[in-house]
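Fold and geometry: a report
Take a look at the letters that make up each chain.
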Amino acid sequence: MISYKKAVIEILSNCKPKTITLPISKAINYIAAKNIFSKRNNPSFDNSLLDGFAVKSTDVQKNKVLTIAGKISAGEKKKIKYKKNSCYQIATGCPIQLPFDSMIPYEQVIIKNKKSIQVKMLVKKSQNVRKKGSDFKKNSLILKKGTQIQASTLLAAKTLGVSKIEVYSKPKIILFCSGDEISDNPSHTNKTINGISEYLESFKNKYNYDFEYLGVVKDSKKDLKKIYNKIKKNKSKNTIFISTGGVSMGHKDFIPSALKKNEYKIIFHKMNMKPGRPTLFARKKDNFYFGLPGNPIATIVGFHFLIVPLIKKLQGKKVNWNTGVLLNSQKKLTNMTLLLRGKRKNKNIKILPGQESYKISTLVKANCWVLLDQNNSFIKRGSKVKYIGYEN
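The paragraphs below set out a description of the structure included in this document. (Residues numbered from 1 in each chain as written. Predicted model: local features only at pLDDT ≥ 70, side-chain atom pairs only at ≥ 80, totals over all residues. Heavy atoms only, no water.)

Quick word on the overall build of the protein chain
A tally of helices and strands in the protein chain yields eight helices and 29 strands. On C-alpha atoms alone, the protein chain measures out to a radius of gyration of 31 Å, which is more than a quarter above the 21 Å that the 2.2 N^0.38 rule sets for 392 residues. Of all 392 residues assigned to the protein chain, the portion counted as buried reaches 46%. Look at the contacts in the protein chain between residues 6 or more apart in sequence, and 69% of them connect residues 24 or more apart. Taken as two groups, the 76 positive and 24 negative side-chain charges of the protein chain have centres that lie 6 Å from each other. (Helix = DSSP H or I, 4+ residues; strand = E, 2+ residues; numbered from the N terminus. Rg over C-alpha atoms; globule rule 2.2 N^0.38 Å. Buried < 20%, exposed > 50% of the residue type's maximum accessible area, 1.4 Å probe, protein only. Contact = heavy atoms within 4.5 Å. Lys, Arg positive; Asp, Glu negative; His and termini not counted. Charge placed at Lys NZ, Arg CZ, Asp CG, Glu CD.)

Re the pairing of strand E20 (residues 271-274)
Along a regular strand, successive side chains alternate from one face of the sheet to the other. Two strands pair when backbone bridges link them, and strand E1 (residues 2-3) and E20 are joined in this way by two bridges, in the parallel orientation. Among the inter-strand pairings, Ser3 is bridged to a residue of E20, identified as Asn272. (Pairing = 2+ DSSP bridges.)

Describing the sheet that holds strand E8 (residues 102-105)
Taken in spatial order, the six strands of this open sheet run E8-E5-E7-E6-E10-E9, and their pairing is mixed. With one partner strand each, in any of the chains shown, E8 and strand E9 (109-112) form the two edges of the open sheet. Going across the sheet, the axis of each strand differs from the next one's by a mean of 35 degrees, ignoring polarity. Pairing geometry for strand E5 (residues 52-55) and E8, over four bridges, is antiparallel. Paired with Val55 across the bridge in E8 is Ser102. (Axes fitted to C-alpha atoms, helices over the stretch in contact; angles between N-to-C directions.)

Points about the nonpolar core
The biggest cluster of nonpolar side chains holds 42 residues, and the ones touching the most others in it are Ile173, Tyr209, Ile240, Phe290, Phe303, Ile307 and Leu310. Of all the secondary structure elements, the ones that give two or more residues to this core are helix H1 (4-13), strand E14 (172-178), helix H3 (196-201), strand E18 (239-244), E20, strand E22 (287-292), helix H7 (296-313) and strand E27 (368-372). For this core, the leading source of residues is H7, giving ten residues. In this structure Ile173 touches Tyr209, Asp210, Phe211, Glu212, Ile240, Ile242, Phe303, Ile307 and Ile311, once residues within four positions along its chain are discounted. Counting 18 residues, the second largest nonpolar core, distinct from the first, contains Leu214, Leu224, Phe241 and Tyr264. (Core = buried A, V, L, I, M, F, W, Y, C linked by side-chain atoms within 4.5 Å.)

Here's the deal with the pattern of salt bridges
The full count for this structure, using the stated rule, is eight salt bridges. The partner of Asp286 in a salt bridge is Lys18, with the nearest N and O atoms 3.9 Å apart. Separated by 268 residues along the polypeptide, Asp286 in the loop between strand E21 (280-284) and E22 and Lys18 in the loop between H1 and strand E2 (19-23) bring together distant segments of the chain. Judged by relative accessible area, which is 23%, Lys18 ranks as partly exposed. The residue Asp59 makes a salt bridge to Lys84 at a minimum N-O spacing of 3.6 Å. Within this pair, whereas Asp59 is found in the loop between E5 and strand E6 (65-72), its partner Lys84 is found in the loop between E6 and strand E7 (86-90), the two being separated by 25 residues in sequence. The class for Lys84 is exposed, based on a relative accessible area of 61%. (Salt bridge = Lys/Arg side-chain N within 4 Å of Asp/Glu carboxyl O.)

Points about the sheet that holds strand E17 (residues 210-217)
Spatially, six strands are ordered E17-E14-E18-E22-E21-E19 in an open sheet, and the strand pairing comes out mixed. Edge strands, defined here as strands with exactly one partner in the open sheet, are E17 and strand E19 (265-269). Averaged over all pairs of adjacent strands, the angle between strand axes in this sheet comes to 15 degrees, irrespective of strand direction. Looking at chain direction, E21 and E22 are connected through five bridges and run antiparallel. Across the sheet, the residue bridging to Phe281 is Phe290, located in E22. Against the sheet, H1 makes contact with E19, E21 and E22, and its axis sits at roughly 15 degrees relative to E21, the strand it touches most.

What to know about H1
All buried positions along H1 are accounted for by Tyr4, Ala7, Val8, Ile11 and Leu12. Each buried residue of H1 sits inside an arc of 125 degrees when the element is viewed along its axis, so together they form one side. Across from the buried face of H1, at angles greater than 90 degrees, the exposed residues are Lys5, Lys6 and Ile9. (Arc of directions from axis to C-beta.)

Below you can see the structure in the form of structure tokens.
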């Protein structure tokens, strides 16, 4: 059987990220495929921080009277001619026209007959002025390649003259769950209630993928054929098909044979990983197929540690593991990789009891996943281990 490490290498070996160009209004949560640079300065011109009067700083002395030479309202294009010991009335955001070089707010002057002001205090050059390029300079970096685009990025990009962004194409996940024993209806008392579709859909914004759920399919060749006919109609590239159940070699596990009939190449079936040992991975051109075991924790492990690395690779990213210290010793088969639910405090991690793949109570109590892939059968307390927090 293939090891977990080699399985991930196989999954990622032939996947090719694809890029598209989107208007910024459509780019939320996508991953930038190139660095994004400012196309203009921000502010794009020297402008007033407050309502008041634009002045030339060398004209200003305490209690000095300045003549009001004119008035500019917000958004108005108007040239004010400078005369020595003059000023002009401005609103917040109005341009500071040279040789005027600073501004005085209303609170610091006395207005006399609407024709002049008396200055209460001195001002320095550029005082109360938002200088051109003081926030962003033209051609400065807004966002690095490989970073997820957030609302703040969109605001900055548009403000700085960027209208379109090249991003990695979003993968699509299509899920169906197979098994006569499961149901999506929580009112059924004689079935196992299936929550996997809600779980996988909940990550679609975090990892930036589209999601479609085809429902629960009965364990029959007839019903599986209907599903695969739907799958055939998919024309999108980089689609990830996921099925749960039907891969463990039981008498009703029809999925491997159905894949072969639909020209999928099975790369591996079964792996040295628990939970998730019966996992199947197949490929057809630019599309991928994961047959995951039906127990919920095995499905979730397959999603986070086989499928998420693929989703990230298709968008120019990778999974980053953290290192912690194990608080309780663990036994394992020498060549087996374990992915266990743990409770982490700072860097200290306790493996929780109740690791069976049907137990969701441990999933709720845990706050991290712990990877045990050491090539020995006993992992001592105090050993360094890899982990990924739930928040990641």
